[in-house]
Amino acid sequence: MTATTEAVAAAAIASTPVQEQTALHPTHPAGKIMSSLPSTPTSASSETSQALSEIFFVESSRRKHSIKIQVKLCPEGVYLRRETDQDDHINEQLIRIDDIIGSRYGPRLKKRPRGGLTSCKNPSGDATQEQEQQPDSDNSAYLYIYAYLKKEKPLRRVQTLRILRFRSSNDYAENLQTAELWHRTIRDHKQRNTTTIDISGSILGSGSGKHLLILLNPKSGSGKGRELFQKQVAPLLTEAEVQYDLQITTHPHYAQEFVRTRKDLLERYSGIVVASGDGLFYEVLNGLMERMDWRRACRNLPLGIIPCGSGNGLAKSVAHHCNEPYEPKPILHATLTCIAGRSTAMDVVRVELSSKDKHYVMYSFLSVGWGLIADIDIESERLRSIGAQRFTLWAIKRLISLRTYKGKVYYLPYPKEEQETPIAAAAAAASVASHQEKEMEKGAPVQLSVEEPAPPSRPISLPLNVNGDVGNVNDVSEFRDLPEDLSEESETDPDQFADALSLDRSIFRQHADSWHSAMSRRTAFYSVGGQSIRSSRSRMSVHQRIEAANAEFAELVPSGTIPGLQLPLPAADGWFCEDGNFVMVHAAYTTHLSSDCYFAPESRLNDGIIYLVIIRSGVGRHQMLNFLLSMNTGTHLPHGDDDPFIRVVPVRAFRIEPCGSDGILVVDGERVEYGPIQAEVLPGLINVMTTNGQ
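The shown structure was predicted, so the numbers you read here are calculated from the model rather than taken from an experiment.

This part is about the overall build of the protein chain. The secondary structure content of the protein chain amounts to 17 helices and 29 strands. In the protein chain, buried positions account for 48% of the 694 residues. Put simply, of all contacts in the protein chain between residues at least 6 apart along the chain, 70% involve residues at least 24 apart. Of the roughly 35,200 Å² of accessible surface on the protein chain, a fraction of 50% belongs to carbon and sulfur atoms.

This part is about the packing of helix α12 (residues 389-400) against helix α17 (residues 621-629). Where α12 contacts α17, the axes come no closer than 10 Å and their chain directions differ by 160 degrees. By the angle class used here, α12 and α17 are roughly antiparallel. Here α12 runs over α17; the crossing is right-handed. The segment α12 lies against α17, with Ala395, Leu399 and Ile400 engaging Arg621, Met624, Leu625 and Leu628. Among the residues forming the contact of α12 with α17, the class breakdown is six nonpolar, no polar and one charged.

Take the packing of helix α11 (residues 372-379) against α12 next. Two numbers describe how α11 lies on α12: the axes approach to 9 Å, and their chain directions differ by 125 degrees. Our classification of the angle between α11 and α12 gives oblique. Judged by the twist between their axes, the crossing of α11 over α12 is right-handed. Together, Leu372, Asp375, Ile376, Asp377 and Glu379 of α11 and Arg390, Phe391, Trp394, Ala395 and Arg398 of α12 make up the contact between the two elements. Class assignment of the residues belonging to the contact of α11 with α12 gives a composition of five nonpolar, no polar and five charged.

Our focus in this paragraph is α12. Across its 12 residues, α12 extends 18 Å between first and last C-alpha, which sits within 8% of the 16 Å expected from 1.5 Å per residue. Where α12 is buried, its residues meet α11 and α17.

Before going further, it helps to spend a moment on unusual backbone geometry. Cis geometry is adopted by the peptide bond preceding Pro154, which originates at Lys153 and carries an omega value of -5 degrees. Tracing the sequence through the fold places Pro154 in the loop between β9 (141-151) and β10 (156-166). The omega torsion across Glu327 and Pro328 is 5 degrees, close enough to zero to call that bond cis. Examined against the element boundaries, Pro328 turns out to sit in the loop between α9 (313-322) and α10 (330-338).

Counting 67 residues, the largest nonpolar core has Leu215, Ile272, Val351, Trp370, Leu612 and Phe654 as its most contacted members. Non-local contacts of Val351, meaning those with residues more than four positions away in its chain, are made with Tyr360, Val361, Met362, Ser364, Val368, Val667, Ile677, Gln678 and Ala679.

What follows is about the packing of aromatic side chains. Applying the stated criterion across every chain, the model contains 10 aromatic pairs. On the numbers, 5.9 Å between centres and 10 degrees between planes, the contact of Tyr411 with Phe576 is stacked. One end of the pair, Tyr411, is in strand β18 (residues 405-413); the other, Phe576, is in strand β22 (residues 576-588), with 165 residues separating them in the sequence. Look at Tyr411 and you get buried, because its relative accessible area is 3%. According to the relative accessible area criterion, Phe576 is partly exposed, its value standing at 23%. What links up through ring pairs into an aromatic cluster is the set Phe56, Phe166 and Trp182.

Summed over the entire model, instances satisfying the criterion amount to 24 salt bridges. When the shortest N-O distance is used, the salt bridge between Arg157 and Glu324 registers 2.8 Å. Residue Arg157 is located in strand β10, and its partner Glu324 is located in the loop between α9 and α10; the two are separated by 167 residues in the primary sequence. Among the residues examined, Glu324 registers a relative accessible area of 11% and is labelled buried. Overlapping salt bridges bring together Arg96, Asp98, Asp99, Lys150, Arg157, Glu324 and Arg342 as one network.

Another aspect to go through is the pairing of strand β29 (residues 677-690). Taking burial as the measure, the 14 residues of β29 include 12 buried ones, the bulk of the element. Pairing of strand β15 (residues 342-355) with β29 involves 11 bridges; the strand directions are antiparallel. Opposite Val349, over in β29, you have Val681 as the bridge partner. Where strand β26 (residues 646-658) meets β29, four bridges bridge the pair, whose relative direction is antiparallel. Bridging from a neighbouring strand, Phe654 pairs with Ala679 of β29.

Note that His636 resides in the loop between α17 and β26. A polar contact is formed between the side chain of His636 and the backbone oxygen of Phe599, at a distance of 3.0 Å.

Now for the confidence of the model for the protein chain. Averaged over the protein chain, the pLDDT score is 75; the fraction of residues at 70 or greater is 66%. Low pLDDT (under 50) marks residues 38-48, which in the prediction has 16 contacts with non-local residues, meaning those over four places away or in another chain. In this model, residues 113-131 is a region of pLDDT below 50 whose contacts with residues beyond four sequence positions or in other chains number 27 contacts.

To continue, consider the pairing of strand β25 (residues 610-616). Among the seven residues that make up β25, seven are buried, leaving the element largely enclosed by the rest of the structure. Judged by which residues are buried, β25 turns out to be covered on both faces: Ile610, Leu612, Ile614 and Arg616 on one side and Tyr611, Val613 and Ile615 on the other are all buried. Of the strand pairs in this sheet, β22 and β25 are connected by six bridges, and their pairing is antiparallel. Directly across from Val585, in β25, lies its bridge partner Ile614. In the sheet, β25 pairs with β26 via six bridges, with the strands oriented antiparallel. Each residue of the ladder has a partner; that of Leu612, found in β26, is Val649.

Helix length check: helix α3 (residues 172-193), at 22 residues, gives a terminal C-alpha distance of 32 Å against a target of 32 Å (1.5 Å per residue), a fit within 8%. Along α3, the positions that sit buried rather than exposed are Tyr172, Asn175, Thr178, Ala179, Leu181, Trp182, His183, Thr185, Ile186, His189 and Lys190. Contact partners of the buried residues in α3: β4 (52-58), β5 (67-74), β8 (100-106), β9 and β10.

Attention now moves to the environment of Gly407. Checked against the element boundaries, Gly407 lands in strand β18. Classification of Gly407 as buried rests on a relative accessible area of 0%. Sequence separation of Gly407 and Ile656 is 249 residues, and the distance between their C-alpha atoms is 7.4 Å. When neighbours within four sequence positions are excluded, Gly407 is seen to be in contact with Trp370, Glu578, Asp579, Gly580, Phe582, Glu657, Pro658 and Cys659.

How each quantity is defined
Residues numbered from 1 in each chain as written. Predicted model: local features only at pLDDT ≥ 70, side-chain atom pairs only at ≥ 80, totals over all residues. Heavy atoms only, no water. Helix = DSSP H or I, 4+ residues; strand = E, 2+ residues; numbered from the N terminus. Buried < 20%, exposed > 50% of the residue type's maximum accessible area, 1.4 Å probe, protein only. Contact = heavy atoms within 4.5 Å. Areas by Shrake-Rupley, 256 points an atom, 1.4 Å probe, with all protein chains shown as cover. Axes fitted to C-alpha atoms, helices over the stretch in contact; angles between N-to-C directions. Parallel < 35°, antiparallel > 145°, perpendicular 65-115°, else oblique. Left-handed = near helix turned anticlockwise from the far one by under 90°. Nonpolar A, V, L, I, M, F, W, Y, C, P; charged D, E, K, R; others polar. Expected span 1.5 Å × (residues − 1). Core = buried A, V, L, I, M, F, W, Y, C linked by side-chain atoms within 4.5 Å. Phe/Tyr/Trp six-rings, centres within 6.5 Å; stacked < 30°, edge-to-face > 60°. Salt bridge = Lys/Arg side-chain N within 4 Å of Asp/Glu carboxyl O. Pairing = 2+ DSSP bridges. Polar contact = N/O pair within 3.5 Å; in protein donor to acceptor, adjacent residues only side chain to side chain. pLDDT = per-residue confidence, 0-100.

Below is the structure:
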């Protein structure tokens, strides 16, 4: 993909060939640069106007005279209009504002030296140095517009550079002021069009001054993470004028600790971009969930991914969701997604594990695996130096020596849109006893009996509202302000607020402990239903206060809605169980597990569904070979329940109880302790950077 250096040229509007070169900036303003002549009037405009318009001319060696083009900058983008001599035919082109990533104004940019690597610098100082260069002899000012045009069939992004040369005045300062007005107008239009993420902080005029936090793993993929960032990511960030802080990871769990312990994370950064594989994104996600302010962090800090690793399942899933190209330059396309300024809600899965005396919780965004795919993912680590090809080679090895694992799989099916009719439900209940006996003999899934003993009672967490506050099951009123007119007849008793900020001693002694009293001696207040407000004195012992603090802290982390891993599953909730030998059980909640593994075609980023793929023992190697070969096209999953060995079940939660201690469990490609594991989906918990912002 080469850089198109014709600057709003006639060749871009007509069907003439496009001049291309590998450098982003031209060495000289050869006849493709559009320039405004002194005699060309500029349309009346001000800083508050919504559109700018100017007439430009392009010198052409094929024609005796210059080509006249009208350029109009509007909220939709840059509109180009050229009139030809042939029957007054008009050629038009629109560069959408979404395809423009940034612009730069000043004197003509000189060609950058080729070869060698430069340090990863924040681009804020480069523009100032370039603008201090001496202007041309004719006092021209230049505007460089960087765009990546989206093309269909095949789906791709075409890197394009448009150059506008302003010389309508003999004074360089006036020409520069005009170029600056166009530059600022482009930023304003983009800011109005991208309201989710302030990726460039104060550059967009927001005054926030927030930067993007970029976490880079230099050893990701084949160990070329730093080089890939400098050559492919940093130039785009410079073109987009994105202010960023780059953190290089130095050891495992560096990113998790950095995100968890950074006190000014929300105040300094507008988003977090992971330049690595899925493993580093996993660290960032769990680091956020370990913060005391995790709710606000998940809501206000969108996460982005630039695929510098070997798996890159999330980056491919995001590109699929946005209908954006991925190959042949996934790093470039993912960077464009991260600087688009929009975000989309994404599901997170809460994973609970228990091994020996350990019991802990982690958070997943990609998949949970047990069996074949998990074996391939972990055991191929010894071939990491060859990149993504390690998965293919190890899949062949594992297919030759196919393993099976004994255990139990429980799952809670995702509710269907159409409920069963009462007649169908009654018929199903009448035959459930005999049906369960037959299915148990076949090893098929069996719904747990309703007559099983109910699980022991356990503390139930209070429900959380959308703002992360603890609420009651019933409607709980917030603390009320004083009515504007206490004389009006209403359901509210005016006497309950009579002591508010009152210094009357008689009233104070009767109602001195009200929430609204300035002299209240009580320290704990509760919002209760109804029309009155009550409080309780803080007469707790030290032990009670510690217990209350622990209970409050427990509410700070997201609690699960399914029974704990040590508790039996409630029969009334519709859990199913499968017992026997399995080749693999893999749960996915994104479309892709890696860049070439289209595992769950029907998955969406925020659909609240886990796609549980179960392959039982007895499946043939030929069928497994077809399964593995078809994963890159998404045709590996059977339709319906006709296949006795391979099934896919949409679920909200599941539990795996493996027998024995020899096996591999993975969460987002990372190996975890082997033992019982369960997971449930938390819909739309985080935000990921996308181009459509759905």
